[in-house]
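Reading the structure
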Amino acid sequence: MTDEVLYDYWWAAMPRANHVRVGAIAFAAGSTRRLFEAGKSELMSIEGISEKHADDIIKRRSGWDPEGEYDKFINTGARFVPWYSDEYPKRLKDIHGKPFALFAAGSLPDDGAMSVAVIGARNCSGYGRMMAQKFGSDLGAAGISVISGMAYGIDGISQTAALDAGGVSFGILGCGVNTCYPSSNRKLYDRLKESGGVISEYGIYTEPRACFFPARNRIISALSDAVVVIEARKESGTMITVDMALEQGREVAIVPGRITDPLSTGCISLWKQGAVPVTCAEDVISLVKGSYSVSENEPVLMKVSLPDDEKKIYALLEPYAISVGELSDMAGMELRKVLLSLVELCLKGLAAEVSTGHYVKVRECLVV
Amino acid sequence: MFSKVLSFGIRGIEGFCVNVEADISDGMPVFELVGYLSGEVREARERVRTALRNCGYDFPVKRITLNLSPGNIRKQGTGYDLPMAMALLAAMGEIEADGLAGTMVIGELKLNGEVGRIDGVLPMVICARKSGIKRCIVPAGNAAEGAMVDGVDIIAVSDLKQAVDHLNGTALIKPYERKESPGNGTGKEGADLKYVRGQAMARRGLEIAACGMHNLLMVGAPGAGKSMLAKCLPTILPPLTGEEALEVSSVYSVAGLLGEDSELMDLRPFVSPHHTVTDIAMIGGGSYPRPGNISLAHRGVLFLDEMAEFSRYTLEALRQPLEDRKITINRNYGTYVYPADIMLVGAMNPCPCGAYPDIARCSCTETSRRKYMSRLSRPLLDRMDICVDVHRLGYEDMMSTGEAEPSSAVRERVIRTHRIQNERFAGSGILFNSQMDSKMLGRYCALSGEVRDWFAGVLKQMDISARGYGKILKVARTIADIDEREEIGREHLAEAVSFNNSQIMG
């Protein structure tokens, strides 16, 4: 280990609002050690450093013990992967604004293996949930790394499904890797560290900030060979990731939804602009391999047999939340029978309660 | 000369006996008041002196001492004016001492000798009856509430002179007669479940909550009818028993909320404070303690509309009284206990905009939704056994003209279920399923093998915690009681699971 890494660590972990230019400035300076040691006027002579920025650097390095801080970091078990490291993902090397360094808990995506980002709305519908589960699970089972942002909704669901299918997945965070955000995804966060990893370009204790997320999205797209979009509104963070993916030359695929659906607006508009519609993991794989053709495969549905009451209720369930009262009216069934059927359907993994008294279908099956 | 008049004070919602003693003796002309008195009691000196003079009595130019005993309990309020004046008149020889024996006197004096209304007369009269007193002289404005108590003659006076003449036997006042109320206990406010259209889930939740006295949380869009449903609760709960009615009326008497011609309250109270209410107004207190909203809802319903908008501090303050069913307030001059046996009913939107889970209309982010929900702390949510969704009505429901099942029919089931629980818990110190502890859960909510295995699967699938498990069992017990079934079955558990609030706690 050379001394340089101590200063690289300081430079990478330094809190700031915009990390995209961290690398550019370090390259302009020649070495991070120079940044640590230079006086104010010398700092300001380096390209990209304003007076305010120079003051900030001076403030941040005062009282910083490079060796001690680095040791402290190493003891946390997290990993520091600067751009010149052998472990640094090759996919990141040629992108614009490549991260100066990554922090990781767990491992980093294998350069040789295919990786696919599955992204979409946080506030997704039951349909989105079904699709995220399906794609996450199928890609995971096929040995493809599933990359995503560990957010609520599509991100988290697809990653959980990939892990459930025995695959690997990587969560790219908009905060330090020692912070679990959102905190309710704690279970997923812990599992990712075991089978895959959580990755971030921010110092490990950095708290999430809104401005970090768009920049984090460029890493999601860059680490993936293709980006699959499931449910996205036209104005959303998902669309930022797609823009980044196009800029970086990654394939963009969409999972079609209904055209009347507000959660489909993003996907439909991408489709019109030339994104590829996919209906199964094989479509995505062939897209990445460059042999994409319209697959003839009909989706295969699992067959289940249900008692009459449950059959009736299942047929009425939709990807969108429907209240128990409405179900009871539509089915012409007594409330308590409806409730019993719903609990049974939830138990079978076919339905879920998304809000008090509101249920969605979470799995499409052929009822026999 | 010495004389003594019996009066009463209020502590919490209980009365206590106060002897007003007067002594007139030779010496420097002073008028001394003693007996651990608060400011307003001291001011009685001027009111009594002036009122006596204005009623035509010569105020003695002698040494006058008035003592309110016991001397170690703080006396508050203006009710001691009249007994002080009577004691003084008796010491002056204007009233025959025989007439005062066994008579309780209470009331505020005005400078012209008129007697004004005071707060808390009902608990005083209740206490008087307990002490074996047969006659109470009270202000005319308080006569109706005094007369709620059987076995005590209420002599209503509107000025000092009347009281004196009555006691001297020169102009007797007939005891006040209670106006009998129809007392059917329903529909006073016009709320009735028969006017509630649709809302099958909410109706059922309301009924189960009333049957087991479970706290209830209603989640639904603005304007969906949460308040209307909540207002129906008193109409499906059993009417107050005689004892309960006196208790509830006492709280209102102390709070000064009983009107002049009030009748004994027979409908359970429904208290709905605004969400800007302070914690003191909610649980009671103040330097001169008064019952708060939670005590005003005693034996009835405390309804918190827009529950997420209440200050966290106010909501958390509810937790302890929800457990203890009473509020204890300590002040340096005494400890006050107010009853607070309530059913807590909350209403809130499912998200800041109110449209969730209609994703097409809801403009909230997942984070803002969770943040909104987290305004209710987990310990508080843990005390809400039942959670129901109240959704906006479809046009068909709105236009329908038929009437749904009326409150009176639901109330019959509620009363029957209460009886089943009362028998089950006889002698165990609790009355309702919602009050069971974990030991009782094991005893009264045992599941048979097959049902237990099935339930374990449900708990696992729905990721329900140990706390949630207990709540579901209690509610399932109530549902089985409604069905008059000894054994808790799958359908009871399934229903209880559906009324669980784990979704909110997510």
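As the structure is a prediction and not an experimental result, all values here were calculated from the model.

Along the backbone of chain A there are 17 helices and 14 strands. Overall, chain A is about 80 × 45 × 35 Å in size when its C-alpha atoms are taken along their principal axes. In chain A, buried positions account for 51% of the 368 residues. For chain A, long-range pairs separated by at least 24 residues make up 67% of all intrachain contacts whose partners lie at least 6 apart in sequence.

The next point concerns the sheet that holds strand 17 (residues 343-348) of chain B. Residue and element names in this part refer to chain B. The parallel open sheet is built from five strands, whose spatial order is 11-14-17-10-18. Here the strands that pair on one side only, and so sit at the sheet edges, are strand 11 (270-271) and strand 18 (386-390). Where strand 11 and strand 14 (residues 301-304) come together, two bridges link them in parallel fashion. From the neighbouring strand, Phe270 faces strand 14, where its bridge partner is Val301.

At the interface, 31 residues of chain B touch 28 residues of chain A. Among the secondary structure elements, those contributing two or more residues to the side of chain B that touches chain A are helix 8 (200-212), strand 18, helix 20 (449-462), helix 22 (490-498) and helix 23 (502-505) of chain B. If you tally residues by element for the side of chain B that touches chain A, the top one is helix 22 of chain B, at six residues. Its residues placed into classes, the side of chain B that touches chain A shows 15 nonpolar, ten polar and six charged.

Strand pairing in a sheet takes place through backbone hydrogen bonds and is either antiparallel or parallel in direction. All names here are of chain A. The three strands lie next to each other as 11-13-12, forming an open sheet whose pairing is antiparallel. Strand pairing shows two members of the sheet lacking a second neighbour, strand 11 (322-323) and strand 12 (351-355), which therefore form its edges. Inspection of the sheet shows strand 12 paired to strand 13 (residues 358-361) by four bridges, in the antiparallel sense. Following the sheet pairing, Ala352 is matched in strand 13 by Val360. Packed onto the sheet, helix 17 (residues 335-347) meets strand 12 and strand 13 and runs at close to 110° relative to strand 12.

Attention now goes to the domain arrangement of chain B. All names here are of chain B. Here the domain parsing of chain B yields domain 1 (2-168), domain 2 (193-429) and domain 3 (436-506). Across the boundary between the two partners, domain 2 contributes 21 residues, which contact 14 residues of domain 3. Contributions of two or more residues to the side of domain 2 that touches domain 3 are made by helix 8, strand 10 (216-220), helix 16 (378-382), strand 18 and helix 18 (407-424). In terms of residues, the side of domain 2 that touches domain 3 owes the most to one element, helix 18, which gives five residues. By residue class, the composition of the side of domain 2 that touches domain 3 is eleven nonpolar, five polar and five charged.

Most peptide bonds adopt trans geometry, and most residues besides glycine take a negative phi value. Following Tyr181(A), the chain continues into Pro182(A) via a peptide bond in cis, with omega recorded as -5°. By secondary structure assignment, the location of Pro182(A) is in the loop between strand 5 (169-172) and helix 10 (186-194). Note the cis peptide between Ser69(B) and Pro70(B), where omega equals 5°. Structurally, the position occupied by Pro70(B) is in the loop between strand 4 (63-69) and helix 3 (81-92). Positioned with a positive phi, Met150(A) is a non-glycine residue whose angle comes to about 60°. Of note, Met150(A) is situated in the loop between strand 4 (145-148) and helix 9 (154-164). For Met150(A), a count of 22 C-beta atoms within 10 Å gives the class buried. Despite not being glycine, Glu231(A) shows a phi value in the positive range, around 55°.

The subject of this paragraph is the domain arrangement of chain A. All names here are of chain A. Examined at the domain level, chain A breaks down into domain 1 (4-75), domain 2 (115-289) and domain 3 (302-367). Taking only C-alpha atoms, the centre of domain 2 and the centre of domain 3 are 28 Å apart. Of the residues assigned to the side of domain 2 that touches domain 3, the class counts are two nonpolar, two polar and one charged.

Residue and element names in this part refer to chain B. Direction vectors running N to C along helix 9 (residues 226-236) and helix 18 enclose 60°, while the axes themselves pass 8 Å from each other. Here helix 18 runs oblique to helix 9, going by the angle between their axes. Our pair here, helix 9 against helix 18, has a crossing hand that is right-handed. Only Ser407, Val410, Arg411 and Val414 of helix 18 make contact with helix 9, whose side of the interface consists of Cys232, Thr235 and Ile236. Looking at side-chain class alone, the contact of helix 9 with helix 18 contains four nonpolar, two polar and one charged residues.

Counting residues in each nonpolar core, the largest one holds 165 residues, and the members touching the most others are Ala351(A), Ala85(B), Met86(B), Ala87(B), Leu88(B), Leu233(B) and Val301(B). When residues of this core are assigned to their parent elements, the largest contribution, nine residues, is made by helix 3 of chain B. Not counting the four nearest positions on each side in its chain, Ala87(B) is found in contact with Ser3(B), Lys4(B), Val5(B), Val20(B), Glu21(B), Ala22(B) and Leu66(B). One finds Phe80(A), Phe100(A), Leu223(A) and Cys267(A) within the second-largest nonpolar core, a separate group that totals 94 residues.

Residue and element names in this part refer to chain B. Here helix 8 contains 13 residues, and its C-alpha end-to-end distance of 19 Å stays within 8% of the 18 Å for a straight helix at 1.5 Å per residue. Burial analysis of helix 8 places twelve of its 13 residues in the buried class, the great majority of the element. Three or more residues of helix 8 are buried, namely Met201, Ala202, Arg203, Arg204, Gly205, Leu206, Glu207, Ile208, Ala209, Ala210, Cys211 and Gly212. Looking at the residues trailing helix 8, positive phi occurs at Met213, about 50°.

Okay, helix 21 (residues 466-482) of chain B next. It helps to recall that an α-helix has 3.6 residues per turn; residues three or four apart then point in one direction. All names here are of chain B. A rise of 1.5 Å per residue sets the reference length of helix 21, with its 17 residues, at 24 Å; its end C-alpha atoms lie 25 Å apart and thus fit the reference within 8%. The set of residues buried in helix 21 consists of Lys471, Ile472, Leu473, Lys474, Val475, Ala476, Arg477, Thr478, Ile479, Ala480 and Asp481. Residues of helix 21 that are buried in the fold lie against helix 8, strand 18, helix 18, helix 19 (438-444) and helix 22. One or two residues past the end of helix 21 sits Glu484, with phi positive at roughly 55°.

What counts as what
Residues numbered from 1 in each chain as written. Chains lettered and ligands numbered in written order. Predicted model: local features only at pLDDT ≥ 70, side-chain atom pairs only at ≥ 80, totals over all residues. Helix = DSSP H or I, 4+ residues; strand = E, 2+ residues; numbered from the N terminus. Buried ≥ 20, exposed ≤ 12 C-beta atoms within 10 Å, placed from the backbone. Contact = placed C-beta atoms within 7 Å. Pairing = 2+ DSSP bridges. Nonpolar A, V, L, I, M, F, W, Y, C, P; charged D, E, K, R; others polar. Axes fitted to C-alpha atoms, helices over the stretch in contact; angles between N-to-C directions. Domains from an automatic or database assignment. Parallel < 35°, antiparallel > 145°, perpendicular 65-115°, else oblique. Left-handed = near helix turned anticlockwise from the far one by under 90°. Core = buried A, V, L, I, M, F, W, Y, C linked by C-beta atoms within 7 Å. Expected span 1.5 Å × (residues − 1).

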